[in-house]
Amino acid sequence: MTGSHDDGRPDTAIGRRRFLGYVLAAPTLVAAAELVPAPAAAAPLSASAASNTAATSALPELLDLNDLMTVAALPTANLITVEVRQDGTVAFALPRAEVGQGITTSTAMLIAEELAVPLDRVRVTLADARPELVFNQLTGGSNTTIATYTPIRVAAAVARERLLAAASAELGVAAAVLTIEDGVVKDRSGRSVGIGALATKAASTRTERVSVELTPRAALRVIGRPHNRVDALDAVTGRKKFTMDLDVPNAKPAMVCRPPTINGTVRSVANLAAVRAMPGVTDVVTISTGVAVRAETFGQCIDAVRALQVTWNPGTAEGKSDASVLRALESAELPMGLRPPTPVVEGKFTFYFRSNSALEPNCAIADVRSDRAEIWSSLKSPIVAQQAIAAKLGLPVGKVTVHVTEGGGSFGRKLFFDAALEAAELSKKIGKPVKLMWHRADDSRQGRTHPMATSRVRVSYLGDTVLSYKQRHTSVSTDLGHGLGEIITALAARLPVGDMTFAQVFFHFSQSMSYRFGVTSQLLNETDKSFNTGSMRNVYSPDVTCARELIVDQVAGRMGKDPYRFRHDHLQDARSRAVLARVAEAGGWGRSMAAGTAQGIAFHAEYKSVSAALVEIDCRPGTVNRPIRDGVTGPRVTKVVFAVDVGLAVNPRGLEAQMMGGVMDGIALALTSSLHLRDGHFLEASWDNYFYTRQWNTPPELRIIVMPSTSEEPGGAGELAVAASMAAVACAYGRATGTMPTSFPINHGTLSFTPKPTVPPIPPSPTDGRDHAR
């Protein structure tokens, strides 16, 4: 069946909607999707029945950044394929990066649903860089499940119909009386044949266009039900392979001696010969980012890096500090306009630099020869990485093979491929394969950071009515040169963006106003490109939402309204009100709390998903002043209730895990997690003095509520929990202390550790671990 909206636009709901796909010429069954609406079921299928206009027709209706990314991926959706193998397994090379978010599991679930095979027989691997995919191999913006949900299901459905047709010929019965269950095709008499036995028979010698119907919502048996991760056992038993686990012949450990200030460059090295003669060292050479060392072990690399005597040229942020950057941001703030004659509530908030380091050290393997190169790394933008590496090496893009490996965390960090670029440069220079790894100190001091920013908010009101909302967000420049900028460039002529920068387009397509607050204006200005910044998890939203929700509390107070009830009454739609009401009810909003403790509540919507958080915080002296070795303790969040509605949750269990991680991010950003900039470098040098949420600051009580599905399709989830959690913690702190916080993280002003020296750049390995074990 087909349908349309009242305005004549095609109905894009899946349900029983038919789609076009392809059976590709191959030895075994290989199927792909074409995201063009199929003709009505009764109409004959022909090559001219549909036109390839899906991408362009959606552009005028773009609502957010996720729509933009999805539309950009549509033209190459038919290039990602599902293959049924003769052993009865189903293979799929996912053109995205698995970095712990669980997309290999959710992808396997989509295939298992449409092909009716057990989940453990679906083999999801990560695709190498494929330039022909253009914009369909970028992982970010909580877009993976949204962009791949329909193409993968369609491809699997095409394969299902081909298997049924082949079984029909094999068993001598009509395909209509056949069913597939657990990878076996059966007829009504009980005769059966496995899909592996049909894989060759169902294949095609030529590419054929076909029409298929997806499994209707009421019949879904895999999608929407909780499943454990397909890689969980390998992860907990140490069998899961990351980049540094790969055995590439003769690829020996390598590290880089880096400058004492951000982006400094080598002027001279005084003791190259002496370091080359150190035990295990095979090579020491200067590269564009420092002095690289290759040795038999990483321990020997560290010894060599620490022994190098390097004279450095100044870096790009020479002499800068938190205070100087703050002054620059204040100078770059856009005007708020004339103050209205009505009452106003306003505030100004500062958000300091935060580290974008992932748990897995930044790393890559490179084997560069005179005529070709091969790279292994966890990369979220492998096509851009491949192009940059080819240019660096002076090779054609087709001569550079980039293998995408699974990664141990990212949060935006792996959108950048600096380790892969360094490894390629070093391998070419010495003519040997290398296994290059950054030290923790490297990533804290020279890696990617979440930009320092300020946010000014002004709300005008009269009586019980909010008349206007203005927000001016000013940030150190955000580097979007990782693929997303290219998408914006490619689609700019069709978007209402005028002469906006990449960052401004990103901001306006990701920030929305969920409250009925009259005339609304949210603007971004960025300044200072001297820092290595990145699209850290949720990008602008945590800071923007935190500032907004704190002011919402203040407006509610001015009007004499309860913070929860005020939000509930002003939210735009029932779906948003439902998640807020759910956390208020489940968290016991308004219960009596001891002095120095309080509740906070906040809301955030993004990428077709809505979320709300209720937290309880303890700001009493006994908690704030808990003794932690070399640590900043501060308040403790004692309870979090988080509700999320992502439309259709493909894997509710995976969604819960994503929300838990996002909550921990939000607590860290509100209370403890920041970098201190002094004299052109960051003081933090590893996780031991970069205070992400630790065990002693995690909430003893944490509840994630996945709301009933409200849509036929999934919304974004990977970043969703950060903003509401951060904002709720900030609001709770304000209510507990009686003072609205304006600087984040709240504990940034306390430097609880002695900074490690910048020369040598790698600190000595600790030897006193047992002394502190409990």
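Just so it is clear, the structure is predicted and the values come from calculations on it, not from any experiment. (Residues numbered from 1 in each chain as written. Predicted model: local features only at pLDDT ≥ 70, side-chain atom pairs only at ≥ 80, totals over all residues. Heavy atoms only, no water.)

**Points about the overall build of the protein**
Summing up its helical and strand segments, the protein has 20 helices and 31 strands in all. Taken over C-alpha atoms, the radius of gyration comes to 27 Å for the protein, in line with the 28 Å a tight globule of 774 residues would show. In the protein, 78% of the contacts between residues at least 6 apart in sequence involve partners at least 24 apart. Carbon and sulfur atoms provide 52% of the accessible area of the protein, an area that totals close to 29,700 Å². Counting 81 positive and 73 negative side-chain charges, the protein places the centres of these two groups 1 Å from one another. (Helix = DSSP H or I, 4+ residues; strand = E, 2+ residues; numbered from the N terminus. Rg over C-alpha atoms; globule rule 2.2 N^0.38 Å. Contact = heavy atoms within 4.5 Å. Areas by Shrake-Rupley, 256 points an atom, 1.4 Å probe, with all protein chains shown as cover. Lys, Arg positive; Asp, Glu negative; His and termini not counted. Charge placed at Lys NZ, Arg CZ, Asp CG, Glu CD.)

**Points about the sheet that holds strand 7 (residues 184–186)**
An order of 6-7-8 is seen for the three strands of this open sheet, with the pairing classed as antiparallel. Looking at strand neighbours, the two that pair on one side only are strand 6 (179–181) and strand 8 (192–194), the edges of this open sheet. Adjacent strand axes in the sheet meet at a mean angle of 25° when their direction is disregarded. With three bridges joining them, strand 7 and strand 8 adopt antiparallel strand pairing. Paired with Lys186 across the two strands is Ser192, which belongs to strand 8. On top of the sheet, helix 4 (residues 144–171) reaches strand 6, strand 7 and strand 8; it is set at about 115° to strand 6, its chief contact. (Pairing = 2+ DSSP bridges. Axes fitted to C-alpha atoms, helices over the stretch in contact; angles between N-to-C directions.)

**Thoughts on the nonpolar core**
Residues Phe603, Ile617, Phe642, Met659 and Phe744 are the most contacted members of the largest nonpolar core, which totals 75 residues. Top contributing element to this core by residue count: helix 20 (residues 720–737), with 13 residues. The residues touching Phe744, leaving out its near neighbours within four places in the chain, are Phe349, Thr350, Phe351, Tyr352, Cys546, Leu550, Leu669, Ala670, Met726 and Ala730. Counting 58 residues, the second largest nonpolar core, distinct from the first, contains Leu29, Val99, Ala155 and Ile383. (Core = buried A, V, L, I, M, F, W, Y, C linked by side-chain atoms within 4.5 Å. Buried < 20%, exposed > 50% of the residue type's maximum accessible area, 1.4 Å probe, protein only.)

**With respect to the pattern of salt bridges**
Counting across every chain of the model gives 43 salt bridges. Among the ionic pairs, Arg191 bridges to Asp187, the shortest N-O distance being 2.9 Å. Assessed through its relative accessible area of 40%, Arg191 is described here as partly exposed. Between Asp442 and Arg258 there is a salt bridge, with its nearest N and O atoms 3.3 Å apart. Taken together, the positions of Asp442 in helix 12 (residues 440–446) and Arg258 in the loop between strand 10 (252–257) and strand 11 (265–269) put the pair 184 residues apart, joining distant regions of the chain. Under the relative-accessibility criterion, Asp442 is labelled buried at 2%. What you see here is one network of salt bridges that share partners, running through Glu98, Arg229, Asp231, Lys240 and Glu406. (Salt bridge = Lys/Arg side-chain N within 4 Å of Asp/Glu carboxyl O.)

**Some words on unusual backbone geometry**
For the bond running from Phe744 to Pro745, omega is 0°, close enough to zero to count as cis. Note that Pro745 resides in the segment after strand 31 (743–744). The backbone phi angle of Asn263 is positive, close to 65°, even though this residue is not glycine. In this fold, Asn263 is placed in the loop between strand 10 and strand 11.

**A short note on empty space enclosed by the protein**
A complete count under the given rule lists ten cavities of 30 Å³ or more for this structure. Volume-wise, the largest cavity comes out at about 90 Å³. Around the largest cavity sit 13 residues that line it, and Pro259, Pro260, Arg445, Gln446 and Pro761 are the ones nearest its centre. Among the secondary structure elements, those contributing two or more residues to the lining of the largest cavity are helix 12 and strand 29 (681–682). With four residues, helix 12 is the single largest residue contributor to the lining of the largest cavity. (1 Å grid on protein atoms, 1.4 Å probe; cavity = no way out; pocket = protein on both sides within 12 Å on 5 of 7 lines; lining within 4 Å. Points joined across faces, edges and corners; volume = space filled by probe spheres on them.)

**As for the side chain of Thr243**
Mapping Thr243 onto the fold places it in the loop between helix 6 (232–237) and strand 10. Here Thr243 falls in the buried class, since its relative accessible area comes to 0%. Those residues in contact with Thr243 that lie beyond four places of it in its chain are Glu360, Cys363, Ala364, Ile365, Trp376, Ser377, Ser378, Thr405 and Glu406.

**Some details on the environment of Asn362**
By the secondary structure assignment, Asn362 is in the loop between strand 16 (354–355) and strand 17 (363–368). Separated by 331 residues in the primary sequence, Asn362 and Ala31 have C-alpha atoms spaced 36 Å apart. Aside from chain neighbours lying at most four places away, what touches Asn362 is Arg413, Asp418, Ala419, Leu436, Met437, Trp438 and Asp443.

**Some remarks on the sheet that holds strand 25 (residues 597–606)**
An order of 25-26-27-30 is seen for the four strands of this open sheet, with the pairing classed as mixed. Lying at the two open borders of the sheet, with one neighbouring strand each, are strand 25 and strand 30 (701–706). The average undirected angle you get between the axes of adjacent strands in this sheet is 10°. In the sheet, strand 25 pairs with strand 26 (residues 609–618) via ten bridges, with the strands oriented antiparallel. Looking at the pairing, Phe603 lines up with Ala612 of strand 26. Lying over the sheet, helix 19 (residues 652–671) contacts strand 26, strand 27 (636–645) and strand 30, oriented at roughly 130° with respect to strand 30.

**With respect to the environment of Tyr352**
In this fold, Tyr352 is placed in the loop between strand 15 (344–351) and strand 16. The buried category is assigned to Tyr352, whose relative accessible area is 13%. Along the primary structure Tyr352 and Leu675 are separated by 323 residues, whereas in three dimensions their C-alpha atoms are 7.1 Å apart.

**Points about the side chain of Glu425**
Relative to the elements of secondary structure, Glu425 occurs in helix 11 (residues 418–430). Take Glu425: its relative accessible area is 15%, and that puts it in the buried class. For Glu425, the side chain forms a polar contact with the side chain of Ser288, separated by 2.8 Å. Contacts of Glu425, omitting those with residues within four sequence positions, involve Ile287, Ser288, Lys392 and Leu393. (Polar contact = N/O pair within 3.5 Å; in protein donor to acceptor, adjacent residues only side chain to side chain.)

**Structural notes on the state of the cysteines**
Considering all chains together, one arrives at zero disulfides under this definition. Cys257 carries a free sulfur, and the closest cysteine sulfur to it, the one in Cys301, is 12 Å from it. As a non-bridged cysteine, Cys363 has Cys301 as the owner of its nearest cysteine sulfur, 13 Å distant. Overall, Cys363 belongs to the buried group, its relative accessible area being 6%. (Disulfide = S-S within 2.5 Å.)

**With respect to the packing of helix 15 (residues 541–558) against helix 16 (residues 563–570)**
It is the contact of helix 15 with helix 16, at a shortest axis distance of 9 Å, that shows an interaxial angle of 105°. It follows from the interaxial angle that helix 15 and helix 16 lie roughly perpendicular. Mapping the contact onto sequence places Glu549, Val552, Asp553, Val555 and Ala556 in helix 15 and Pro563, Phe566 and Arg567 in helix 16. In the contact of helix 15 with helix 16, the residues fall into five nonpolar, no polar and three charged. (Parallel < 35°, antiparallel > 145°, perpendicular 65-115°, else oblique. Nonpolar A, V, L, I, M, F, W, Y, C, P; charged D, E, K, R; others polar.)

**Concerning the packing of aromatic side chains**
Under the counting rule described, the total for this entry stands at twelve aromatic pairs. Geometrically, the ring pair formed by Tyr515 and Phe517 is stacked, given 5.0 Å between the ring centres and 15° between the ring planes. For the pair Tyr515 and Phe517, a shared accessibility class is recorded, and that class is buried. Members of the aromatic cluster, each reached through a chain of ring pairs, are Tyr469, Tyr515, Phe517, Phe566 and Phe603. Across from the ring centre of Trp438, 3.9 Å away, lies the NZ or CZ of Arg258, which sits over that ring. (Phe/Tyr/Trp six-rings, centres within 6.5 Å; stacked < 30°, edge-to-face > 60°. Lys NZ or Arg CZ within 6 Å of the ring centre and 35° of its normal.)

**Regarding the confidence of the model for the protein**
Residues of the protein with pLDDT of at least 70 account for 92%, and the chain-wide mean is 90. Considering only residues more than four positions removed or in separate chains, one finds that residues 1–16, a stretch of pLDDT under 50, has 32 contacts. Low pLDDT, under 50, characterises residues 36–62; the predicted model gives this stretch 46 contacts beyond four residues in sequence or across chains. (pLDDT = per-residue confidence, 0-100.)

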